[in-house]
Amino acid sequence: MDYTKQKLLFKIKKTLRYLKLYGLSRTLVKVKGQYHMNKLYDKNNLPKFKKNTKGQHVGILGSGNYAYGVIAFYLKKINGNVIKSSMDINLNRAISLAENFRAHSFTDNHIEIINNPEIDLIYIASNHHTHAEYAIEALKNNKSVHIEKPHVVNRDQLNRLVDTIKTSKGKVRLGFNRPASRFGKIILEQLNKEKGSTMINWFIAGHEINPDHWYFQEKEGGRILGNLCHWTDFTYQMIEEENRYPIKIIPTRSEKADCDISVSYVFGDGSIASITFSAKGHTFEGVREKLNVHKGNTLITMTDYESLRVDVVDKIYIYKNLFRDHGHKHNIKRSYEMISKNLPGESIKYLYESADLFLKTKEALESNQTTTVEKYNN
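What comes next is a walk through the structure. (Residues numbered from 1 in each chain as written. Predicted model: local features only at pLDDT ≥ 70, side-chain atom pairs only at ≥ 80, totals over all residues. Heavy atoms only, no water.)

## Overview of the pattern of salt bridges
It is possible for side chains bearing opposite charge to pair when their charged atoms get close.
Right, on to step 1. The final tally for this structure, using the stated rule, is 21 salt bridges.
Right, on to step 2. For D156, the salt bridge goes to R160, with nearest N and O atoms at 2.9 Å. Note that D156 and R160 are positioned in helix α6 (residues 155-167) at a spacing of four residues, about one turn of the helix.
Right, on to step 3. Overall, D156 belongs to the partly exposed group, its relative accessible area being 46%.
Right, on to step 4. Between K362 and E366 there is a salt bridge; the shortest N-O distance is 2.6 Å. Of the two residues, K362 and E366 are both situated in helix α10 (residues 348-367); the distance of four residues between them amounts to about one turn of the helix.
Right, on to step 5. A residue is classified by how much of its surface remains accessible, and K362, at 18% relative accessible area, is buried.
Right, on to step 6. Three or more residues are tied together by salt bridges with common partners; here these are R17, E285, R288, D304, E306 and R324. (Salt bridge = Lys/Arg side-chain N within 4 Å of Asp/Glu carboxyl O. Helix = DSSP H or I, 4+ residues; strand = E, 2+ residues; numbered from the N terminus. Buried < 20%, exposed > 50% of the residue type's maximum accessible area, 1.4 Å probe, protein only.)

## Looking at the sheet that holds strand β9 (residues 261-266)
Right, on to step 1. Read from one edge to the other, the open sheet built from nine strands follows the order β14-β13-β12-β11-β7-β10-β9-β8-β15, with strand pairing classed as mixed. For this open sheet the edge positions go to β14 (315-320) and β15 (371-373), each flanked by a neighbour on one side alone. Direction aside, the axes of adjacent strands within the sheet are offset by 15° on average.
Right, on to step 2. As paired elements, strand β7 (residues 198-205) and strand β11 (residues 288-295) share eight bridges and run antiparallel to each other. (Pairing = 2+ DSSP bridges. Axes fitted to C-alpha atoms, helices over the stretch in contact; angles between N-to-C directions.)

## Re the side chain of D356
Right, on to step 1. The residue D356 is located in helix α10 in this model.
Right, on to step 2. Judged by relative accessible area, D356 falls into the buried class, the value being 4%.
Right, on to step 3. Once residues lying within four places of it in the same chain are set aside, the contact partners of D356 are R155, L158, V373 and E374. (Contact = heavy atoms within 4.5 Å.)

## Quick notes on the pairing of strand β13 (residues 307-312)
Right, on to step 1. As judged from the six bridges shared by strand β12 (residues 298-303) and β13, these two strands associate in the antiparallel manner. Counterpart to M302 in the pairing with β13 is L308.
Right, on to step 2. Here β13 runs beside β14; their pairing, made up of six bridges, is antiparallel. Looking at β14, one finds that R309 is bridged to I318.

## Description of the packing of aromatic side chains
Right, on to step 1. Taken as a whole and judged by the stated rule, the model has nine aromatic pairs.
Right, on to step 2. Between W231 and F277, the aromatic rings sit 6.4 Å apart at their centres with planes inclined by 40°, giving tilted as the arrangement. Here the residue W231 occupies a position in helix α8 (residues 222-238), and F277 occupies one in strand β10 (residues 272-278), the gap between them amounting to 46 residues.
Right, on to step 3. Judged by relative accessible area, which is 2%, W231 ranks as buried.
Right, on to step 4. Note on F277: relative accessible area 3%, which makes it buried.
Right, on to step 5. Judged by centre distance (4.6 Å) and plane angle (35°), the rings of Y352 and Y376 are tilted. Here Y376 lies in the segment after β15 and Y352 lies in helix α10, a separation of 24 residues in the sequence.
Right, on to step 6. The class of Y352 is buried, set by a relative accessible area of 16%.
Right, on to step 7. A cation over a ring is seen here: R244 above Y236, with NZ or CZ 3.9 Å from the ring centre. (Phe/Tyr/Trp six-rings, centres within 6.5 Å; stacked < 30°, edge-to-face > 60°. Lys NZ or Arg CZ within 6 Å of the ring centre and 35° of its normal.)

## A short note on α10
Right, on to step 1. Taking 1.5 Å of rise per residue, the 20 residues of α10 would be expected to cover 28 Å, and the 28 Å separating its terminal C-alpha atoms lies within 8% of that figure.
Right, on to step 2. With 15 of 20 residues buried, α10 lies mostly within the body of the structure.
Right, on to step 3. Following α10 by one or two positions, N368 has its phi on the positive side, about 55°. (Expected span 1.5 Å × (residues − 1).)

## As for the sheet that holds strand β2 (residues 83-87)
Right, on to step 1. Read from one edge of the open sheet, six strands run β3-β2-β1-β4-β5-β6, paired in parallel fashion. Looking at the sheet topology across the chains shown, the edges are occupied by β3 (105-107) and β6 (172-174). When the angles between neighbouring strand axes are averaged without regard to direction, this sheet yields 15°.
Right, on to step 2. Pairing geometry for strand β5 (residues 144-147) and β6, over three bridges, is parallel.

Quick look at the structure:
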């Protein structure tokens, strides 16, 4: 939904609700992000940028709403003016991001950023089918990359990405932010204390998007790769490594393979997970999530990254967030620290297995047949 075209009362209500959910600075950048998406520049009167680029070494490929309101926002908030250049096939968006976050330059050609010797870290947030392609090109130039979800849209991309990582000096991190949130860390830490199998249940109410939205183009992978991969990844991380495989995927769907669906997973240790994804209309507060988990003596309930309750036998632990925390800040920060603090990137095993799970989930829903996933052996 384009909020800039809504009635004034709707805009006021939306802004007030977001102030409560996200605080002042996040709300302001979200509002600005809506206008950023539609901003147009006079080609004969483009904004001028400062020539001093000391400390600027980050490139951004894809300058849409997420890149503007999350990646660029947190990079500047945490690290200052580190963005060297922004790129988008819609040049107006690249200009707008560069102008608002004081970058040195902008372009509509990704090669200019990948070949820039002053850029050593690239955040990739372009259309989904380009994520792996841009990452492969950057890694061949020994750049480190942060790849937003999904990191691949097909098995050929996955295999080529893995092969490239093996020979590159660059490092890779992925855009699965939820396990990095405050609640995500608490959930994973608590589950690791318990023994035995796990029961996991997710309910997600996502945005309805128009049938002609670019998500639904065949090359982009649809909503399973564009949305559901967040929860397949978090679910994968909730099951201990030695207990995950093989994973049986059992799909439930109606007319569409990636809207209003439910998927069940049976893991190697007998753990069961269910993800229900509903996309029926506009959700005024954004994506809504409800999680219930039971393992050993621990029962967990989490709602919208606002509240978390952990029951352990007779003890009850209640956690509240002042504002919703989906882990975006920590994830953007950790990717930057691959360079600034020489931290490691993702393992090839995790990169492969997380992708294999969402690709097999997509296959299961499209064929409406049960399928099995095996662990990575290479």
